[in-house]
Amino acid sequence: MQTIWLSGAEWLAVLRIGLGLWWLESWRHKDKKGWFERGTGIAWAADVAGRHRWGVVRTGFRRVVEPRPKAMAYLVVYAELALGIGLVAGFLTPVALVAGLLLNLLYLVLMIHDWAEQGQNAMMALISLVALFAMAWQTWSLDSALGLFP
C-alpha cells in the first residue's frame, strides 16, 4: 500500500483518533444537567420513538428505556465519553469500535426519519467498520503498547 506522508497503519490511527474525537464532541456538547436532572435527552428520544413508524422501535423503547430513564441517560452520556477516550487512546479499541458501531446503529434506527442525523451516524458507523476490519489499533495505541489484540 502506498500512502503520502504517513504509513497506512498511521492513517488508520488518524481515522480512529478522529472518530474518538467525534464521540468526545458528542459527549462535550450534551447538556448534562438537562440529561441527568431534567431527563431532557431521554424525553426527546421517547417522543421520537413514540412517533416512530416501526412498531418494534416503539415497543423496544417502551420496554427497555422508558422504565429506567435516569439509568439510560447516564448510560448514553457516559458511553459516548468512554468511546471517545477509548478510541483516542487506543485502549480496548476493538471493544470500543463494536460498541460505537452498535450505538450508531441504534441512533440510526431511532432517528430514521431525521435526515440531519443520518449522515453523522452512517459515517461514524462506516468509520467504525473500516477501523475494526483494518485493525486500527496497531499504531499509536495503548493496545499496541500493551500487546493487546495482536
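Position labels on residues start from 1 in each chain and follow its written sequence. At least 70 in pLDDT is required for a residue's local features to be given in this predicted model, at least 80 for side-chain atom pairs to be given and counted, and no such filter applies to totals for whole chains, interfaces and linings, which use all residues. With hydrogens and water set aside, each side-chain value is computed from the structure's full complement of heavy atoms.

Some remarks on helix α3 (residues 40-50)
Among the residues of α3, those classed as buried are G41, I42, A45, V48 and A49. Buried positions in α3, seen along its axis, are confined to an arc of 120° and lie on one side of it. On the buried face of α3, the contacting elements are α2 (32-38), α4 (55-65), α5 (69-89) and α6 (93-110). Summary of the burial criterion: residues with accessible area below 20% of their type's maximum are buried, those above 50% are exposed, and those between are partly exposed, where the area comes from a 1.4 Å probe applied to protein chains only. Every helix listed is a DSSP run of H or I at least four residues long, and every strand listed is a run of E at least two residues long, numbered separately from the N terminus. By definition, the arc is the one covered by directions from the helix axis to the C-beta atoms. Note on contacts: a residue pair qualifies if any of its non-hydrogen atoms lie within 4.5 Å across the two residues.

Observations concerning the packing of α5 against α6
As a rule, the C-alpha atoms of each element are fitted with a line to give its axis, helices using only the stretch in contact, and angles between N-to-C directions run from 0 to 180 degrees. Running from N to C, α5 and α6 point in directions that differ by 140°, and their axes come no closer than 9 Å. Between α5 and α6, the crossing angle belongs to the class labelled oblique. Crossing handedness for the pair α5 and α6: left-handed. Contact with α5, carried on its side by V76, A79, E80, L83, G86 and L87, involves T93, A96, L97, A99, G100, L103 and Y107 of α6 and no other residues of that element. Class assignment for the residues of the contact of α5 with α6 results in 9 nonpolar, 3 polar and 1 charged. Every angle not falling under 35 degrees, over 145, or within 65 to 115 is termed oblique; those three ranges are roughly parallel, roughly antiparallel and roughly perpendicular. By the definition used in this description, the sense in which the near helix is turned from the far one sets the handedness, with an anticlockwise turn below a right angle giving left-handed and a clockwise turn giving right-handed. Residue type decides the class: Asp, Glu, Lys and Arg count as charged, Ala, Val, Leu, Ile, Met, Phe, Trp, Tyr, Cys and Pro as nonpolar, and the leftover types, Gly among them, as polar.

Quick notes on helix α1 (residues 8-28)
With 21 residues, α1 extends 30 Å from end C-alpha to end C-alpha; this agrees with the ideal 30 Å at 1.5 Å per step. Those residues of α1 that fall on the buried side of the exposure criterion are G8, L12, A13, R16, L19, G20, W23 and S26. When α1 is viewed along its axis, its buried side chains cluster within an angular range of 145° and face the same direction. Here, expected helix span is obtained from the residue count minus one, scaled by 1.5 Å.

Considerations on a nonpolar patch on the surface
A residue counts toward a patch only above 30% relative accessible area and without a salt bridge, and it is joined to like-charged neighbours within 9 Å or, for Val, Leu, Ile, Met, Phe, Trp and Tyr, to nonpolar neighbours within 5 Å. Note on areas: these come from Shrake-Rupley sampling with a 1.4 Å probe, and a residue is covered only by the protein chains present in the view. By convention in these notes, a salt bridge is any Lys or Arg side-chain nitrogen within 4 Å of a carboxyl oxygen on Asp or Glu. Where nonpolar side chains cluster on the molecular surface, the patch consists of F91, L92, V95, L142, L146, L148 and F149 and spans about 580 Å² of accessible area. Judged by its relative accessible area of 33%, F149 falls in the partly exposed class.

Considering the packing of aromatic side chains
Ring pairs shown here join Phe, Tyr and Trp side chains whose ring centres sit within 6.5 Å, with only the six-membered ring taken for Trp; geometry is labelled stacked below 30 degrees between planes, edge-to-face above 60, and tilted in between. For the structure on display, the rule yields 6 aromatic pairs. Ring geometry for W23 and Y107: centres 6.4 Å apart, planes at 55°, overall tilted. On the criterion of sequence distance, the pair formed by W23 in helix α1 and Y107 in helix α6 is long-range, its members being 84 residues apart. Residue W23 is classed as buried on the basis of its relative accessible area, which comes to 1%. Ring geometry for W137 versus F149: centroids 6.3 Å apart, planes at 70°, classification edge-to-face. Residue W137 is found in the loop between α7 (115-133) and α8 (142-146), and its partner F149 is found in the segment after α8; the two are separated by 12 residues along the sequence. Residue classification places W137 among the buried positions, given a relative accessible area of 7%. Through pairs of rings, three or more aromatic residues link up here, namely F36, Y74 and Y78. Taking the ring centre of W27 as reference, the NZ or CZ of K32 above it sits at 4.1 Å. Any Lys NZ or Arg CZ that is within 6 Å of a ring centre and within 35 degrees of that ring's normal is treated as a charge sitting over the ring.

Details of unusual backbone geometry
One non-glycine residue, W5, lies in the positive phi region at around 75°. Structurally, the position occupied by W5 is in the segment before α1. Overall, the relative accessible area of 76% leaves W5 in the exposed class. Located in the positive-phi region is M135, a residue other than glycine, with phi close to 55°.

Overview of the packing of α1 against α5
Contact geometry for α1 and α5: axes closest at 7 Å, N-to-C directions at 155°. Classified by the angle their axes make, α1 and α5 are roughly antiparallel. Seen along the crossing, α1 lies across α5 with a hand that is left-handed. Between α1, through R16, I17, L19, G20, L21, W23, L24, S26 and W27, and α5, the contact on the second element is made entirely by V77, Y78, E80, L81, L83, G84, I85, L87, V88 and A89. Looking at the contact of α1 with α5, its residues break down into 14 nonpolar, 3 polar and 2 charged.

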